Amino acid sequence: LFVYMDNNELKRLAGMSMIRQGNELKGAELYTSGMENGKYNEFEAVRVIRILFYGEAYGDVLYYYDRKILRNNMDTAYYYGVSLLRNDRIDEAYEMFMSAKRGGYSDTQMLYYHIGLVLEKKKRHRDAAEYLIQAYNRGPADDDIVNALVRVYGTLGMFDRAEALLRSKKM
């Protein structure tokens, strides 16, 4: 790599090698740096995007999104949606979440939670509450889901529901 710094194919190969050796985030970043000429393998790209997403390297995930790589894949659509939301690109995030939903993304609890967050940012509080309720009902609700639902209930003036939700959370 030091001798052939401009060799993108070598960067991608070295990145995949690092991923296989267990240094996933560093390998994913190296793989991404080797994509300057637009060449990629779809199977590898899905894996790299997943690693970057779970490593919270949202800017690097958006590198793939901005190049229109695998936007129709339900998993990457979800990863793109969260990354776009984290970067306040709300309308694009909403489109990616809807694409993941249409594609049958399996973690519906987190998908609906994030759709609810996007709708809250778009000031569509009633719709946000509907998605957040669905997320809440899909399994054990973590504090983020409960807090988002309480926040939306508060905005809608449904203080009794917010209070009941907070009481049930403490028990």
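Here the structure is shown first, and the text comes after it.
About the thresholds
Residues numbered from 1 in each chain as written. Predicted model: local features only at pLDDT ≥ 70, side-chain atom pairs only at ≥ 80, totals over all residues. Heavy atoms only, no water. Phe/Tyr/Trp six-rings, centres within 6.5 Å; stacked < 30°, edge-to-face > 60°. Buried < 20%, exposed > 50% of the residue type's maximum accessible area, 1.4 Å probe, protein only. Axes fitted to C-alpha atoms, helices over the stretch in contact; angles between N-to-C directions. Helix = DSSP H or I, 4+ residues; strand = E, 2+ residues; numbered from the N terminus. Parallel < 35°, antiparallel > 145°, perpendicular 65-115°, else oblique. Left-handed = near helix turned anticlockwise from the far one by under 90°. Contact = heavy atoms within 4.5 Å. Nonpolar A, V, L, I, M, F, W, Y, C, P; charged D, E, K, R; others polar. Salt bridge = Lys/Arg side-chain N within 4 Å of Asp/Glu carboxyl O. Core = buried A, V, L, I, M, F, W, Y, C linked by side-chain atoms within 4.5 Å.

Turning to the packing of aromatic side chains, a few remarks are in order. Scanning the model with the defined rule gives 11 aromatic pairs in all. Ring plane angle 80 degrees and centroid distance 5.0 Å describe the contact between Phe-53 and Tyr-54, whose orientation is recorded as edge-to-face. Overall, Phe-53 belongs to the buried group, its relative accessible area being 7%. Clustering of aromatic rings is evident, with ring pairs tying together Phe-53, Tyr-54, Tyr-58, Tyr-78, Tyr-79, Phe-97 and Tyr-105.

Let us look at the packing of helix α2 (residues 24-33) against helix α3 (residues 42-54). In the contact formed by α2 and α3, the axes pass within 9 Å of each other and the chain directions differ by 125 degrees. Overall, the two elements α2 and α3 adopt an arrangement that is oblique. The element α2 and its partner α3 pack so that their crossing is left-handed. Contacts from Glu-24, Leu-25, Ala-28, Glu-29, Tyr-31 and Thr-32 of α2 reach α3 at Glu-44, Ala-45, Arg-47, Val-48, Ile-51 and Leu-52.

Turning to the packing of helix α5 (residues 74-86) against helix α6 (residues 90-103), a few remarks are in order. Between two packed helices, what matters for the description is the angle formed by their axes and the separation of those axes. Viewed as axis vectors pointing N to C, α5 and α6 meet at an angle of 155 degrees, and their least axial separation amounts to 8 Å. Our classification of the angle between α5 and α6 gives roughly antiparallel. α5 and α6 meet at a crossing whose hand is left-handed. Every residue of α6 that contacts α5 at Met-74, Ala-77, Tyr-78, Tyr-80, Gly-81, Val-82, Leu-84 and Leu-85 is listed here: Ile-90, Glu-92, Ala-93, Met-96, Phe-97, Ser-99, Ala-100 and Gly-103. Tallied by class, residues from the contact of α5 with α6 come to 12 nonpolar, 3 polar and 1 charged.

On to the pattern of salt bridges. Evaluated as defined, the whole model comprises 8 salt bridges. One salt bridge connects Asp-88 with Lys-121, and the closest N-O pair in it is separated by 3.4 Å. Placement of the pair is Asp-88 in the loop between α5 and α6 and Lys-121 in helix α7 (residues 108-121), with a sequence separation of 33 residues. For Asp-88, a relative accessible area of 54% puts it in the exposed group. Glu-163 serves as the salt-bridge partner of Arg-167, at 2.5 Å between the closest nitrogen and oxygen. Note that Arg-167 and Glu-163 are positioned in helix α10 (residues 159-170) at a spacing of 4 residues, about one turn of the helix. Assessed through its relative accessible area of 40%, Glu-163 is described here as partly exposed. Connected via shared salt-bridge partners are Asp-66, Arg-89 and Glu-92.

On to helix α4 (residues 58-66), then. All buried positions along α4 are accounted for by Tyr-58, Val-61, Leu-62, Tyr-63, Tyr-64 and Tyr-65. Where α4 is buried, its residues contact α2, α3, α5 and α6. Positive phi shows up at Lys-68, right after α4, with a value of about 60 degrees.

Here the focus is the nonpolar core. Counting residues in hydrophobic clusters, the biggest one holds 57 residues, and the most contacted among them are Val-48, Tyr-64, Tyr-78, Tyr-80, Phe-97, Leu-111 and Ile-115. When near neighbours in sequence (up to four residues on either side) are disregarded, Phe-97 contacts Tyr-78, Gly-81, Val-82, Leu-111, His-114, Ile-115 and Val-118.

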